[in-house]
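Notes for the structure review
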Amino acid sequence: LTAIGSLAPGRFNVTHKEAGVALGGSVKLGTREVQLDPETSTALLDWTQGLPPADVTWNWAMGAGRTTDGRTAGFNLCVGYTDPANSENGIWVDGRVHRTGAVAFTIPLDPKAPWLIKSADGTLDLQFQPEAQRQANTNLLVAISRYRQPVGRYTGHLPGPTGERIQLAEVSGVAEEHQARW
């Protein structure tokens, strides 16, 4: 999924996303080697380049794994930042992407409490359970960055390419709440 957009006069964004891509091979972590089986391992790719507005806020969710019936699935969902047309919102099923519409995030203050991500029409309903997170609150007066970026597990359902309900098994992913002034 690639989205290119004008944000405001003189501002732009280019982003490329892939979720639920089969991943095989091995990864070395110090002396430990982890084998990745493409039948059970999936990857996420998020590449973004742009010149965003001076003040920007966004919520973002991305995850990938298996559906309850064994298919590979992934998603990228965004509110704010570069995406007034929801152009970054996509769902992958068995390697094929399709667009989905607007979503809303309900983000609790408690960092251990689940996040909720839903579409108005009910076709998308996810719960994200944070397991660990990084966060920062940087204020340099002329620039600020306040964010929470937990990793964890998603459960719930997504709309499929023909409107069917895709039920997720627990899938791994990341979420983000970010406010910035550059």
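For the structure itself, consult the block above.
Residues numbered from 1 in each chain as written. Predicted model: local features only at pLDDT ≥ 70, side-chain atom pairs only at ≥ 80, totals over all residues. Heavy atoms only, no water.

1. Some remarks on the sheet that holds strand β5 (residues 42-51)
This is how the line gets drawn: In this description, strands pair whenever DSSP reports at least two bridges between them. The numbering of helices and of strands both runs from the N terminus, where a helix is a DSSP run of H or I of at least 4 residues and a strand a run of E of at least 2. In this analysis, axes come from line fits to C-alpha atoms, helices being fitted only over the stretch in contact, and the angle between any two N-to-C directions falls in the range 0 to 180 degrees.
Read from one edge to the other, the open sheet built from three strands follows the order β1-β2-β5, with strand pairing classed as antiparallel. The outermost strands of the open sheet, each flanked by one partner alone, are β1 (2-8) and β5. The average angle at which neighbouring strand axes cross in this sheet is 15°, direction not considered. Alignment of strand β2 (residues 11-22) against β5, held across ten bridges, turns out to be antiparallel. When the bridges of β5 are listed, Glu-18 appears paired with Leu-45.

2. With respect to the packing of aromatic side chains
Rule in force here: Pairing of aromatic side chains here covers Phe, Tyr and the six-membered ring of Trp, requires ring centres within 6.5 Å, and sorts the geometry by plane angle: under 30 degrees stacked, over 60 edge-to-face, intermediate tilted.
Within this structure, the stated rule accounts for three aromatic pairs. Ring-pair connections join several aromatic residues into one group, and the members of that group are Phe-75, Trp-115, Phe-128 and Tyr-154.

3. Description of the pairing of strand β7 (residues 72-80)
To keep things clear, this is the line we draw: When accessible area is computed with a 1.4 Å probe and restricted to protein chains, residues below 20% of their type maximum are described as buried, those above 50% as exposed, and intermediate ones as partly exposed.
The buried fraction of β7 is high, at seven of nine residues. Where strand β6 (residues 55-66) lies against β7, nine bridges are found, and the strand directions are antiparallel. Considered in β7, the bridge of Gly-65 is made with Ala-73. In sequence, β6 turns back onto β7 through a hairpin of five residues, with Gly-70 there showing a positive phi of about 95°. Across four bridges, the pairing between β7 and strand β8 (residues 90-93) is antiparallel. Within the sheet, the bridge partner assigned to Asn-76 lies in β8 and is Gly-90.

4. Remarks on the sheet that holds strand β10 (residues 104-106)
Spatially, β9-β8-β7-β6-β14-β13-β12-β11-β10 is the arrangement adopted by the nine strands of the open sheet, whose pairing is antiparallel. Pairing within the sheet leaves two strands with one partner each, and these edge strands are β9 (96-99) and β10. For this sheet, the mean angle separating the axes of adjacent strands, direction not counted, is 20°.

5. Quick look at the pattern of salt bridges
Definition in use: A pairing counts as a salt bridge when a side-chain nitrogen of Lys or Arg comes within 4 Å of a carboxyl oxygen of Asp or Glu.
By the definition in use, this model includes seven salt bridges. Between Asp-69 and Arg-71 there is a salt bridge whose closest N-O contact spans 3.2 Å. Note that Glu-177 and Arg-148 form a salt bridge whose closest N and O atoms lie 3.0 Å from each other. One end of the pair, Glu-177, is in strand β14 (residues 165-181); the other, Arg-148, is in strand β13 (residues 144-159), with 29 residues separating them in the sequence. A relative accessible area of 29% means that Glu-177 is categorised as partly exposed. Overlapping salt bridges bring together Lys-17, Asp-46 and Glu-88 as one network.

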